[in-house]
Amino acid sequence: FTLLQGCAESKRLKRGGNNLNFPNSLFGMGNPLLDISAVVDKDFLEKYGLKPNDQILAEDKHKALFEEIVKKFKVEYHAGGATQNSIKIAQWMIQDPHKVCTFFGCIGEDKFGEILKQKADEAHVDAYYYEQTEEPTGTCAACITGDNRSLVANLAAANCYKKDKHLDLKENWKLVEKAKVYYIAGFFLTVSLESILKVAKHASENNKLFTLNLSAPFISQFFKDALMEVMPYVDVLFGNETEAATFSKEQGFQTEDIAEIAKKAEALPKVNKKRPRIVVFTQGKDGTIMTKGDKVETFPVLKIDQKDIVDTNGAGDAFVGGFLSELVQDKELEQCVKAGHYAANVIIRRAGCTFPEKPDFH
């Protein structure tokens, strides 16, 4: 059972190993952010009213947080933003050829923007940023306590993405058309719903794969209308157990059982009837749940000793990146989950969403 069953263009491409000869096959669009991560204390979280494991958008009361974290703690800078992380990991898993992955997002013409460009280049991702001068490049403070991470995103430039100024440009849209798998994190619903819909409709009309992540509880709560406008185009829906529970509550599913929520999410209306919707919910150290037709399966994650966990920041993004790296190569869904588990297992052993030079995945 692969997602390409029943697909008009499913003449199998004969490929040896992961010999993908298609640049720009995987397309991502989202909020490029420079991650400023540091191990902080409980007092710091309390001062800014943060939960140990959450992600929020910065409000006025968080403005001082970005300066304080740099002054008070030892910080590391990483190219981040949920979608960009997943796209980077997918490219890392694929290795060769370079630039299988494309990324669109908005940055400022500044030092942080230059760092993001350099990091995308190092990761061999084909990044096409919309650069503007009104807002500085977005940042995300990753406040780490134990194996929890509280993310506070100051979108700034990322919030300035414009469909007509970037996505609609002929040379940029060509890159969208080249892709066969699309991934957008739910966070981008707060920025440019019209851009998401344009890409989602293109995927649906051309029987390509459009994938979306629930991303954070606040998306299901406060951006419910936008989320449900995109949902009919979603072929693969990702999320973790907390996001799934909030989604269930907001949709009136009347269940807290993650497998049941996955089934109900799968059954939501869908435009492209040629593909059944796949729902994939991770649950940290517990098994990952995936719907497949009328079945719901659970896949155990790779065992890891608590003492080997350095930082869970980016684990969810890594899972998606691993999953997409196999999906874009038409691999079986079980193999996609396996790759997701492998990538997440690698990432949580390191600080930030970083990875060794080469993956060791078969």
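The structure contained in this document is the topic of the report that follows. (Residues numbered from 1 in each chain as written. Predicted model: local features only at pLDDT ≥ 70, side-chain atom pairs only at ≥ 80, totals over all residues. Heavy atoms only, no water.)

## Notes on the sheet that holds strand β11 (residues 236–240)
Taken in spatial order, the 9 strands make up an open sheet running β6-β5-β1-β9-β10-β11-β12-β13-β14, and their pairing is mixed. Among the strands making up the open sheet, the edge pair consists of β6 (126–132) and β14 (295–299). Taken over all neighbouring pairs, the strand axes of this sheet differ in orientation by 15 degrees on average, direction set aside. Bridge count between strand β1 (residues 26–29) and strand β5 (residues 101–108): 4 bridges; the pairing is parallel. Its bridge partner being in β5, Gly 28 is matched across the sheet by Phe 103. Across the sheet, helix α10 (residues 241–251) is in contact with β10 (209–213), β11 and β12 (278–283); its angle to β11 comes to roughly 110 degrees. (Pairing = 2+ DSSP bridges. Helix = DSSP H or I, 4+ residues; strand = E, 2+ residues; numbered from the N terminus. Axes fitted to C-alpha atoms, helices over the stretch in contact; angles between N-to-C directions. Contact = heavy atoms within 4.5 Å.)

## Structural notes on the side chain of Thr 282
Residue position: Thr 282 is located in strand β12. When its relative accessible area of 16% is taken as the criterion, Thr 282 is described as buried. Sequence-distant contacts of Thr 282, defined by excluding residues within four places in its chain, comprise Gly 239, Asn 240, Glu 241, Thr 288 and Phe 319. (Buried < 20%, exposed > 50% of the residue type's maximum accessible area, 1.4 Å probe, protein only.)

## A few points about the packing of helix α6 (residues 170–178) against helix α7 (residues 193–205)
Remark: α6 packs on α7, axes separated minimally by 10 Å, with the N-to-C direction vectors making an angle of 45 degrees. What the angle tells us is that α6 and α7 run oblique. In this structure, α6 meets α7 at a crossing whose hand is right-handed. Contacts between α6 and α7 involve Trp 173, Val 176 and Glu 177 on the former and, on the latter, Lys 198, Val 199 and His 202. Residues belonging to the contact of α6 with α7 are distributed by class as follows: 3 nonpolar, 1 polar and 2 charged. (Parallel < 35°, antiparallel > 145°, perpendicular 65-115°, else oblique. Left-handed = near helix turned anticlockwise from the far one by under 90°. Nonpolar A, V, L, I, M, F, W, Y, C, P; charged D, E, K, R; others polar.)

## A closer look at the pattern of salt bridges
One pass over the full model with this rule turns up 17 salt bridges. Between Asp 330 and Lys 180 there is a salt bridge, with its nearest N and O atoms 3.2 Å apart. Within this pair, whereas Asp 330 is found in the loop between α12 (315–327) and α13 (333–347), its partner Lys 180 is found in the loop between α6 and β9 (181–185), the two being separated by 150 residues in sequence. Under the relative-accessibility criterion, Asp 330 is labelled buried at 15%. (Salt bridge = Lys/Arg side-chain N within 4 Å of Asp/Glu carboxyl O.)

## Description of α7
With 13 residues, α7 extends 18 Å between its outermost C-alpha atoms, agreeing within 8% with the 18 Å of an ideal straight helix rising 1.5 Å per residue. Those residues of α7 lying buried are Leu 193, Ser 195, Ile 196, Leu 197, Val 199, Ala 200, His 202, Ala 203 and Ser 204. Contact partners of the buried residues in α7: β1, α5 (163–167), α6, β9, β10 and α9 (224–230). Asn 207 sits one or two residues past α7 and shows a positive phi near 50 degrees. (Expected span 1.5 Å × (residues − 1).)

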